[in-house]
Amino acid sequence: MRAETNFDVDYKPAEDEPFMNERQLAYFKEKLLLWKAAILSDSKGTIEGMQEGTRNIPDVADRASEETDRALELRTRDRQRKVVSKIDAALRRIEDGTYGYCEATGEPISLKRLDARPIATLSLEAQERHERREKVHRDD
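In this text the structure is predicted, and so the values were computed from the model without any measurement. (Residues numbered from 1 in each chain as written. Predicted model: local features only at pLDDT ≥ 70, side-chain atom pairs only at ≥ 80, totals over all residues. Heavy atoms only, no water.)

K.L.:
Go over the nonpolar core with me, naming the residues and quoting the values.
P.N.:
Counting 21 residues, the largest nonpolar core has Phe28, Leu32, Tyr99 and Leu114 as the members making the most contacts within it. At the level of secondary structure, the elements contributing two or more residues to this core comprise helix H1 (22-53), helix H2 (60-96) and helix H3 (111-116). Contact partners of tyrosine 99, with chain neighbours within four places excluded, come to Met20, Leu25, Phe28, Leu32, Ala90, Arg93, Ile94, Leu114 and Pro118. (Core = buried A, V, L, I, M, F, W, Y, C linked by side-chain atoms within 4.5 Å. Buried < 20%, exposed > 50% of the residue type's maximum accessible area, 1.4 Å probe, protein only. Helix = DSSP H or I, 4+ residues; strand = E, 2+ residues; numbered from the N terminus. Contact = heavy atoms within 4.5 Å.)

K.L.:
Account for H2, with residues named and values stated.
P.N.:
In a regular helix each residue adds 1.5 Å, so 37 residues correspond to 54 Å; H2 covers 54 Å between its end C-alpha atoms and thus fits that length. Looking only at H2, the buried set comprises Glu66, Arg77, Gln80, Val84, Ile87, Ala89, Ala90, Leu91, Arg93 and Ile94. (Expected span 1.5 Å × (residues − 1).)

K.L.:
An account of the side chain of glutamate 17 is needed here, citing residue identities and associated values.
P.N.:
Positionally, glutamate 17 belongs in the segment before H1. Arginine 23 provides the closest opposite charge to the buried, salt-bridge-free glutamate 17, at an N-O distance of 5.1 Å. There is a polar contact of 2.7 Å between the side chain of glutamate 17 and the backbone nitrogen of alanine 14. A polar contact of 3.2 Å, which involves the side chain of glutamate 17, links it to the side chain of asparagine 21. Look past the residues within four positions of glutamate 17 in its chain and what remains in contact with it is Tyr11, Lys12 and Gln24. (Lys, Arg positive; Asp, Glu negative; His and termini not counted. Salt bridge = Lys/Arg side-chain N within 4 Å of Asp/Glu carboxyl O. Polar contact = N/O pair within 3.5 Å; in protein donor to acceptor, adjacent residues only side chain to side chain.)

What follows is the structure, encoded as structure tokens:
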């Protein structure tokens, strides 16, 4: 699952180079693919563990504890499934040339933000505005 472009493991995107040049796109594509592979690998291990872990536990408290653990694990996997979907969307944006640009303003998203959250679709300022609007609507 590695990007097709030659990838320099020591490379870090820098503000003094053209935004979303070929090297930066390869960097983020590789980062996204590695993240996706790690999530899918974890998910496979969870599914196998849950299949192996199915057993009859006579003690009610122990059974309840195990069911709580399973429910938590399933919620975590559901969150990760949503992240995989966002990773796939980010990979599509890399292919169509819109990756790295804010969906709200069209302005570039900072490289620091993309490095920390490569699935980001909004600049930090647009994200903060979005969260403030959400909070106002939640408080109504």
